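Tertiary structure, described
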Amino acid sequence: MKLLEFDCLDSTNRYLMDLAREGEEAGTAVRARRQTGGRGRLGRSFSSPEGGIYVSILVPLPDPTKSDINITAMAGVAVMRTIKQVCGKDCGIKWVNDIIYNGRKVCGILAQACGDKAVIGIGVNYRTDMSELPEDVREIACSLYSPDEEAPDEREFVTALLENTWKLITGGGDTPGDDSWLADYKGSSTIVGNKVLILKAGAVTGEGLATEIDDACRLHVVDGNGNETVLSTGEVSIRKTDD
Ligand code: BTN
């Protein structure tokens, strides 16, 4: 894998998408120590101060007409496995792919298709000073380590993260046909079994019990009348209800 490293970029996803449009091969990754215009899902921004790990990886997309949801879910599993492998910490995944540590978001993932490839952008609050995040983010986010805490070397983390993500997305797992990632994805859900609100463009469009994640990584939500909604689109997000 080729890794391009920067002190500061507006967005590693933006940078790698531009390279991809110019013909960059899959296997290239970009890292920045901070971002000034970090991009999040659903058109949001992603606050990216120093101390976090911000990487984007260009991967092949086997079938350009296929939804990118599995790639996104696979990246979530790759991040979760890396955090366990390098830091020894257990995380969960909030559908689709927010990585949750101690009940708070510690990592966000943004996958963007570009022809027959995709850019997978991963932002981890690694040794982030939480006071540098906007207040609304601070309330729901956390960092794996505080800036004054000892932590495994960031390079070790980045190397493992790139390897795990690449291996999972290009090979499916440790061996061909290995779908243990899917079991890990389903098994680490912080949503299934909870009452959730379905949000579209910020507005609540439904409510119900999250009952399962299926083999296509779709989330099933059943409302009080027994009607089931199957969610597979990136346009939808989920919030636990308060009760
Ligand atoms: C989200 O939680 O909404 C997704 C956030 C994705 C952030 C990462 S940081 C590295 C890469 N570059 C970006 O601009 N965004 C992704």
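Just above, that's the structure.
These lines cover the structure that appears in this document, whether it is placed above or below. Predicted model only: the values in this text are computed from it and were never measured.

1. Re the nonpolar core
Across soluble globular proteins, you tend to see nonpolar side chains buried next to one another. One finds Ile122, Leu144, Phe157 and Tyr185 to be the most contacted residues of the largest nonpolar core, which totals 54 residues. Here this core gets eleven residues from one element, more than from any other, and that element is helix α2 (residues 69-87). Among all residues touching Tyr185, those that are not within four sequence positions of it are Ala73, Val77, Ile93, Trp95, Val96, Ile213 and Cys217. Met17, Leu19, Val30 and Ala32 belong to the second-largest nonpolar core, a separate cluster that totals ten residues.

2. Looking at the pairing of strand β11 (residues 228-231)
Taken together, the four bridges between strand β10 (residues 219-222) and β11 define a ladder with antiparallel strand orientation. Pairing of His220 across the sheet is with Val230, part of β11. Between the antiparallel neighbours β10 and β11 lie five residues, among them Gly226 with a positive phi of about 85°.

3. What about helix α1 (residues 12-21)?
Since the α-helix packs 3.6 residues into each turn, any two residues three or four apart lie on the same face. All of the buried residues in α1 are Thr12, Asn13, Leu16, Met17, Leu19 and Ala20. The buried side chains of α1 occupy one side of the element, clustering within an arc of 160° when seen end-on. In this fold, the buried residues of α1 make contact with β1 (2-9), β2 (28-35), β3 (53-60), β6 (104-114) and β7 (117-124). You can read the cap of α1 off the contacts: a side-chain oxygen lies 3.2 Å from the backbone nitrogen of Asn13, and it is on Ser11. One or two steps after α1, the chain reaches Gly23, where phi turns positive at roughly 105°.

4. With respect to unusual backbone geometry
A cis amide bond links Trp95 with the next residue in sequence, Val96, at an omega value of 5°. Inspection of the secondary structure assignment puts Val96 in the loop between β4 (92-94) and β5 (98-101). In this structure, Cys217 takes a positive phi of about 65° despite not being glycine. A relative accessible area of 0% means that Cys217 is categorised as buried.

5. Observations concerning the site of the ligand
Inspection of the region around the ligand gives 20 residues, with Ser11, Thr12, Arg39, Arg41 and Lys105 positioned closest. The side chain of Gln35 places a nitrogen or oxygen atom 3.0 Å from a nitrogen atom of the ligand. Between the ligand and the protein, one listed contact pairs an oxygen atom with a backbone N or O atom of Arg39 at 2.7 Å. Residue assignment for the shell around the ligand shows that the elements contributing at least two residues are α1, β3, β6 and β7. It is β6 that contributes the most residues to the shell around the ligand, four residues altogether. A per-class count over the shell around the ligand returns six nonpolar, ten polar and four charged.

6. A closer look at the pattern of salt bridges
Scanning the entire structure with this criterion turns up 16 salt bridges. Arg21 is paired through a salt bridge with Asp18; the nearest N and O atoms lie 2.9 Å apart. With Arg21 and Asp18 both in helix α1, this residue pair falls three residues apart, about one helical turn. We classify Arg21 as exposed; its relative accessible area is 56%. Of the charged contacts in the structure, one is a salt bridge between Arg218 and Asp214, with a shortest N-O distance of 2.8 Å. The partly exposed category is assigned to Arg218, whose relative accessible area is 33%. You can call Asp214 buried: its relative accessible area is 10%. The network of salt bridges with shared partners includes Glu5, Asp7, Arg31, Arg33, Glu154 and Arg155.

Conventions we followed
Residues numbered from 1 in each chain as written. Predicted model: local features only at pLDDT ≥ 70, side-chain atom pairs only at ≥ 80, totals over all residues. Heavy atoms only, no water. Core = buried A, V, L, I, M, F, W, Y, C linked by side-chain atoms within 4.5 Å. Buried < 20%, exposed > 50% of the residue type's maximum accessible area, 1.4 Å probe, protein only. Helix = DSSP H or I, 4+ residues; strand = E, 2+ residues; numbered from the N terminus. Contact = heavy atoms within 4.5 Å. Pairing = 2+ DSSP bridges. Arc of directions from axis to C-beta. Polar contact = N/O pair within 3.5 Å; in protein donor to acceptor, adjacent residues only side chain to side chain. Near = heavy atom within 4 Å. Nonpolar A, V, L, I, M, F, W, Y, C, P; charged D, E, K, R; others polar. Salt bridge = Lys/Arg side-chain N within 4 Å of Asp/Glu carboxyl O.

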